[in-house]
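For reference, the chains in residue letters:
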Amino acid sequence: MSDALIDRIAAAETLQDLDSVRVSLLGKSGEITAKLKSLGSMDPDTRAAEAPKIHALREAVITALADRKEAMETAELERKLATERVDLSLPAPENITGTVHPVSQVMDELAEIFADLGFSVAEGPEIETQWYNFTALNMPENHPARAMQDTFYLEPRTPDEEPRVLRTHTSPVQIRAGESQGAPLYAIAPGRVYRSDSDATHTPMFHQIEGLVIDRGITLGHLKWTLQTFLKAFFERDDVVLRMRPSYFPFTEPSAEVDVGWSMEKGRRVVGGQEGWMEVLGSGMVHPRVLSNMGLDPDEWQGFAFGCGIDRLAMLKYGMDDLRAFFDGDIRWLKHYGFRA
Ligand code: PHE
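Residues numbered from 1 in each chain as written. Predicted model: local features only at pLDDT ≥ 70, side-chain atom pairs only at ≥ 80, totals over all residues. Heavy atoms only, no water.

## Observations regarding the site of the ligand
Then comes step 1: Taken together, 15 residues surround the ligand, and among them H169, S171, R195, Q208 and G307 come closest.
Then comes step 2: S171 has a polar side-chain atom sitting 2.9 Å from a nitrogen atom of the ligand.
Then comes step 3: Q208 is positioned such that a nitrogen or oxygen atom in its side chain is 3.0 Å from an oxygen atom of the ligand.
Then comes step 4: When the ligand is considered free in solution it has 330 Å² of accessible area, and contact with the protein chains removes 91% of it.
Then comes step 5: Elements with a minimum of two residues in the shell around the ligand: β5 (205-215), β9 (276-286) and β10 (302-309).
Then comes step 6: With three residues, the single largest contributor to the shell around the ligand is β10.
Then comes step 7: Of the residues belonging to the shell around the ligand, the class tally is four nonpolar, nine polar and two charged. (Near = heavy atom within 4 Å. Polar contact = N/O pair within 3.5 Å; in protein donor to acceptor, adjacent residues only side chain to side chain. Areas by Shrake-Rupley, 256 points an atom, 1.4 Å probe, with all protein chains shown as cover. Helix = DSSP H or I, 4+ residues; strand = E, 2+ residues; numbered from the N terminus. Nonpolar A, V, L, I, M, F, W, Y, C, P; charged D, E, K, R; others polar.)

Laid out in structure tokens, this is it:
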């Protein structure tokens, strides 16, 4: 085979180059194809002498092309093996599994405690009308009580729609449950609530649990027993002490703020004992006007209600100190405080 042909095959750098060389030699109008065609016009003696040479050249070119191709493929494979090596000594990527958020955990614990006391779970929307969030709860328009809660108002969708609000508390669920289920009624309503307030102890979104009992002959005594039973079960201690202080909520009369006793254990404040007091919830006897707004006769039915911050309960029970961390979504915090499902 001629050196020139060998050089052309050897000079091909890539598989595409090599294929162009193949076409230029063996293709329809390739050089070797042309030589083969020229055999037809030769006189018999010349043809007899030339034919074996041309066929031999063709065979040699085919072999050279195949060898070159194999060499290129081997080189490519070696390059890949060298660069794309799998390092089996590298640590395996960590398998991150989810945990139950402390707020969800506490909501489950509360639902369980109240289920044992015969309470069912009621729900309401987070985008609420002013009727349910305020008016039906005896907070008439322009009543200063509405200013007690820094409300997020939504843009009205039509010029004559009254602005809706992000519920500022779970108390609107009282009205919805009373309206739809009637009395007697034993319900809790855990969920998200919103106020435009933000610092180390306040986030614009937080969680409350509402409790509502409506039945015949319900008294403050039933309220106190229920709260005592619930707080002892939740904190899993018998020495949980309650203190009720007279207070004001438009939807309860009388109203009471409830404190629990705390004491120092291993350098931190825990619920139990009574070295000091901290406020944990608001409560009272359902206002007769609120019962009427549920469609119930206040002369026949009495009730009590309470509202309690769930995030606060979680912090107290599990020893967390910054409320904002609850909603940062930091996986390290969740790993530390989250609960295995
Ligand atoms: N809704 C009140 C609050 O958010 C708490 C409360 C609920 C008080 C039920 C009395 C009865 O502050």
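Don't stop here, the text continues.
## Some remarks on helix α10 (residues 310-318)
Side chains that are three or four residues apart share a direction in an α-helix, a result of its 3.6 residues per turn.
Then comes step 1: A large share of α10 lies buried, amounting to seven of its nine residues.
Then comes step 2: Those residues of α10 lying buried are I310, D311, L313, A314, M315, L316 and K317.
Then comes step 3: G319 occupies a position one or two residues after α10 and carries a positive phi of about 65 degrees. (Buried < 20%, exposed > 50% of the residue type's maximum accessible area, 1.4 Å probe, protein only.)

## Things to note about helix α5 (residues 102-116)
Then comes step 1: Between its first and last C-alpha atoms α5 spans 21 Å; for 15 residues at 1.5 Å apiece the expected length is 21 Å, and the two agree.
Then comes step 2: In this structure, the buried side of α5 is in contact with β4 (185-194), β5, α8 (220-235), β10, α10 and α11 (331-337).
Then comes step 3: Following α5 by one or two positions, G118 has its phi on the positive side, about 90 degrees. (Expected span 1.5 Å × (residues − 1). Contact = heavy atoms within 4.5 Å.)

## Digging into the pattern of salt bridges
A side chain of one charge can pair with a side chain of the opposite charge if their charged atoms are brought near each other.
Then comes step 1: Following the criterion strictly, the structure yields 20 salt bridges and no others.
Then comes step 2: In this structure, the salt-bridge partner of E50 is K53, at a minimum N-O distance of 3.5 Å. In this pair, E50 and K53 both sit in helix α4 (residues 44-83), three residues apart, roughly one turn of the helix.
Then comes step 3: Salt-bridge contacts for R79 lead to E76; the nearest nitrogen and oxygen are separated by 3.1 Å. With a gap of three residues between them, R79 and E76 both fall in helix α4, about one helical turn apart.
Then comes step 4: Owing to a relative accessible area of 43%, R79 belongs among the partly exposed residues under this scheme.
Then comes step 5: Of the residues examined, E76 reaches a relative accessible area of 36% and is grouped as partly exposed. (Salt bridge = Lys/Arg side-chain N within 4 Å of Asp/Glu carboxyl O.)

## Section: the pairing of strand β6 (residues 242-249)
Two faces make up the sheet, and in a regular strand the side chains alternate between them.
Then comes step 1: Of the pairings in the sheet, the one linking β6 to strand β7 (residues 252-265) comprises seven bridges and is antiparallel in character. By the bridge assignment, P246 is partnered in β7 with A256.
Then comes step 2: What sits between β6 and β7 in their antiparallel hairpin is a turn of two residues. (Pairing = 2+ DSSP bridges.)

## Overview of the environment of S2
Then comes step 1: With respect to the helices and strands, the residue S2 is situated in the segment before α1 (3-11).
Then comes step 2: Each C-alpha atom, one on S2 and one on L57, is 8.3 Å from the other, the two residues being 55 residues apart in sequence.

Without other data, these values stay purely geometric and don't point to any function.
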